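Here are the chains, one letter per residue:
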Amino acid sequence: METRTIVNELRQQTKSERTKKAMAKRETVLKGLGWGMENTQIVTESTHSFEDVEEETGLVCCICGDGYTYKPESCMGIYTFTKPIYLEEEFVGYSTVSHFNVIHFECHNTAMYADSRLKPPKTEWEGAEIRNQYTKCNSLLPLFGPSIPPAVYKQVRYTLPN
Ligand SMILES: [Zn+2]
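A short tour of the structure in this document, coming up.

Definitions and cut-offs
- Residues numbered from 1 in each chain as written.
- Predicted model: local features only at pLDDT ≥ 70, side-chain atom pairs only at ≥ 80, totals over all residues.
- Helix = DSSP H or I, 4+ residues; strand = E, 2+ residues; numbered from the N terminus.
- Buried ≥ 20, exposed ≤ 12 C-beta atoms within 10 Å, placed from the backbone.
- Expected span 1.5 Å × (residues − 1).
- Arc of directions from axis to C-beta.
- Contact = placed C-beta atoms within 7 Å.
- Core = buried A, V, L, I, M, F, W, Y, C linked by C-beta atoms within 7 Å.
- Pairing = 2+ DSSP bridges.

Take the overall build of the chain next. Check the secondary structure of the chain and you find 4 helices and 6 strands. Looking at the chain as a whole, 14% of its 162 residues qualify as buried.

Below is the structure:
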């Protein structure tokens, strides 16, 4: 037998053993995830499918894309720009405009924290302006969700500008 042939057979044998080991490792990892292998296709052993996923039908957060279907107890708010209007000597009203961009208060707070860690850091409303499709804003108007407990609603921060 020619030396070249012997070397090629040994290389093929080594490659084949490596492939078998890799497939065994892959199968172990997939089983850990509740999945399996059929020939070379990955199949799920789960009974869930994308058809089981319910779509959000109402308002959705501009950060996470979830609404009250998937986060029923997480309060959302509308980015607004609000300024005081002096109606008469003693009466102050507020003028509010909005592009109706909705965000969870927790997503807003997380983004605000991330913005504050940037170099240079952004203020709360500089970052919010970007999330509000580059529209100026200075407040979040809370929206009542169908199943938000009153305690959660009380915790959301809502401050009118001076
Ligand atoms: Zn969100």
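Still more to cover.
This part is about helix α2 (residues 105-116). For α2, which comprises 12 residues, the first-to-last C-alpha distance of 16 Å matches the rise-based estimate of 16 Å (1.5 Å per residue) to within 8%. Turning to α2, its buried residues are Phe105, Cys107, His108 and Ala111. Along the axis of α2, the buried residues cluster in a sector spanning 155°; they form a single face. Exposed side chains of α2 directed beyond 90 degrees from the buried face belong to Tyr113, Ala114 and Ser116. Next to the buried residues of α2 lie β3 (76-86), β5 (102-104), α3 (124-131) and β6 (139-143).

The next point concerns the nonpolar core. Nonpolar side chains tend toward joint burial in soluble globular proteins. Core analysis: the biggest nonpolar cluster contains 13 residues, and Cys61, Met76, Tyr79, Val102, Ile103 and Cys107 have the highest contact counts within it. Counting only elements with at least two residues in this core, the list comes to β3, β5 and α2. Take this core: its biggest share by element is 3 residues, from α2. Those residues within four positions of Cys61 in sequence are excluded, and the remaining contacts are Asp66, Gly67, Met76, Val102, Ile103, His104 and Cys107.

We now examine the environment of Val156. For Val156, the location among the structural elements is in the segment after α4 (150-155). Classification of Val156 as partly exposed rests on a count of 19 C-beta atoms within 10 Å. For Val156 and Glu106, which are 50 residues apart along the polypeptide, the C-alpha to C-alpha distance reads 8.9 Å. Residues in contact with Val156, not counting those within four places in the same chain, are Cys75, Gly77, Phe105 and Pro142.

Let's shift gears to helix α1 (residues 3-32). Relative to the 44 Å expected for 30 residues at 1.5 Å per residue, α1 spans 44 Å between its end C-alpha atoms, a close match to the ideal helical length. With 0 of 30 residues buried, α1 is to be regarded as a mostly surface element.

Consecutive residues of a regular strand have side chains that alternate between opposite faces of the sheet. Sparse coverage of strand β4 (residues 92-97) is indicated by the burial of 0 of its 6 residues. Where β3 lies against β4, 6 bridges are found, and the strand directions are antiparallel. Residue pairing across strands places Ile85 opposite Gly93, the latter belonging to β4. Between β3 and β4, which pair antiparallel in sequence order, lie 5 residues.

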